[in-house]
Amino acid sequence: MKIIVIGAAGAVGQAVVKELAARHEVISAGRNSGDIRVDLSDIASIEAMYQQVGAVDAVVSAAGNVHFGALAEMGAAEFAIGINDKLMGQVQLVLIGQKYLNDGGSFTLISGVLSQDPIVYGSSASMVNAGLEGFARAAAIELPRGLRINVVSPTVLTESLPSYGPYFRGFESVPAAKVARAFSKSVEGAQTGQVYSVI
Ligand SMILES: NC(=O)c1ccc[n+]([C@@H]2O[C@H](COP(=O)([O-])OP(=O)(O)OC[C@H]3O[C@@H](n4cnc5c(N)ncnc54)[C@H](OP(=O)(O)O)[C@@H]3O)[C@@H](O)[C@H]2O)c1
């Protein structure tokens, strides 16, 4: 398969590339790194990425930013970051990407455990992650030509504990390699409309 991985240089993305590149042609994409440059918050750059790459068998997203902050200090501007980047960026990967995906191809998006298991400062992340999961379940029943869509929803990565550990006290972490296997299940399996919780 020819697979685009957006966020390929990240903690999640590196593990996904390692898993999939063993068996497939992987094109890495990122804001400042990778074979192709793309910014999820910029529709024109998503369109340009697909034009550059052409037809693909799978689109994998391991990227997306949200603002973390105290609810009392969150306003429209803070929520707009997550809405425009992680949420609508990944939705646009699907809306624009469906015409570049070969028959039977797949989209695999990333949400996160905060959709179900919130933390302090995570209201935007919880909202965005839940939105992505709802979007994927609905898009799965409308996508044409056997196209599939799933979401991987990991808890905090073991590799990310040095940065995020204090915000996730009491959570079990998972190694990035385990998260990568959920991406493999989505890309290399046949399921659609699923949210793979990796906890
Ligand atoms: N790490 C965790 O514990 C964890 C747990 C659950 C969910 N998640 C979710 O997984 C996703 C990736 O997290 P991560 O920890 O792997 O992040 P990370 O290590 O910071 O890496 C992010 C990757 O995405 C790319 N990227 C960032 N913003 C982008 C944008 N607007 N458009 C295109 N590419 C962009 C970066 O590219 P450049 O380096 O080129 O800028 C980088 O390759 C996030 O949505 C995060 O919420 C992470």
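Our structure is the block above this text.
*Asks:* Outline the site of the ligand, listing residues and values.
*Replies:* Residues in close proximity to the ligand total 27 residues, the closest being Val12, Asn32, Ser33, Leu40 and Leu157. Between Ala9 and the ligand, the recorded distance is 3.3 Å, taken from a backbone N or O atom to an oxygen atom. For the ligand, a nitrogen atom lies 2.9 Å from a polar atom in the side chain of Asn65. Its free accessible area being 900 Å², the ligand has 81% of it covered by the protein chains. Where the shell around the ligand is concerned, the elements lending two or more residues are helix 1 (11-21) and helix 3 (76-97). The residue makeup of the shell around the ligand, split by class, is 13 nonpolar, ten polar and four charged.

*Asks:* Quick rundown of helix 4 (residues 123-140)? Include the residues and the values.
*Replies:* The end-to-end C-alpha distance of helix 4 is 26 Å, a good match for the 26 Å that 18 residues give at a rise of 1.5 Å each. Within helix 4 the residues assigned to the buried category are Ser124, Ala125, Ser126, Val128, Asn129, Leu132, Glu133, Ala136, Ala139 and Ala140. Looking at the buried side of helix 4, the elements it contacts are helix 3, strand 5 (101-110), strand 6 (148-154) and strand 7 (195-198).

*Asks:* Got a sec to walk through the packing of aromatic side chains? Specific residues and values, please.
*Replies:* Following the criterion strictly, the structure yields three aromatic pairs and no others. With a centroid separation of 5.1 Å and an interplanar angle of 10°, the aromatic rings of Tyr50 and Tyr100 are classed as stacked. Here Tyr50 is found in helix 2 (residues 43-53), whereas its partner Tyr100 is found in the loop between helix 3 and strand 5, with 50 residues between them in sequence. Residue Tyr50 is classed as buried on the basis of its relative accessible area, which comes to 0%. Centroid distance Phe168 to Phe171: 5.1 Å. Interplanar angle 80°. Geometry classified as edge-to-face. You can call Phe171 partly exposed: its relative accessible area is 22%.

Criteria and thresholds
- Residues numbered from 1 in each chain as written.
- Predicted model: local features only at pLDDT ≥ 70, side-chain atom pairs only at ≥ 80, totals over all residues.
- Heavy atoms only, no water.
- Near = heavy atom within 4 Å.
- Polar contact = N/O pair within 3.5 Å; in protein donor to acceptor, adjacent residues only side chain to side chain.
- Areas by Shrake-Rupley, 256 points an atom, 1.4 Å probe, with all protein chains shown as cover.
- Helix = DSSP H or I, 4+ residues; strand = E, 2+ residues; numbered from the N terminus.
- Nonpolar A, V, L, I, M, F, W, Y, C, P; charged D, E, K, R; others polar.
- Expected span 1.5 Å × (residues − 1).
- Buried < 20%, exposed > 50% of the residue type's maximum accessible area, 1.4 Å probe, protein only.
- Contact = heavy atoms within 4.5 Å.
- Phe/Tyr/Trp six-rings, centres within 6.5 Å; stacked < 30°, edge-to-face > 60°.

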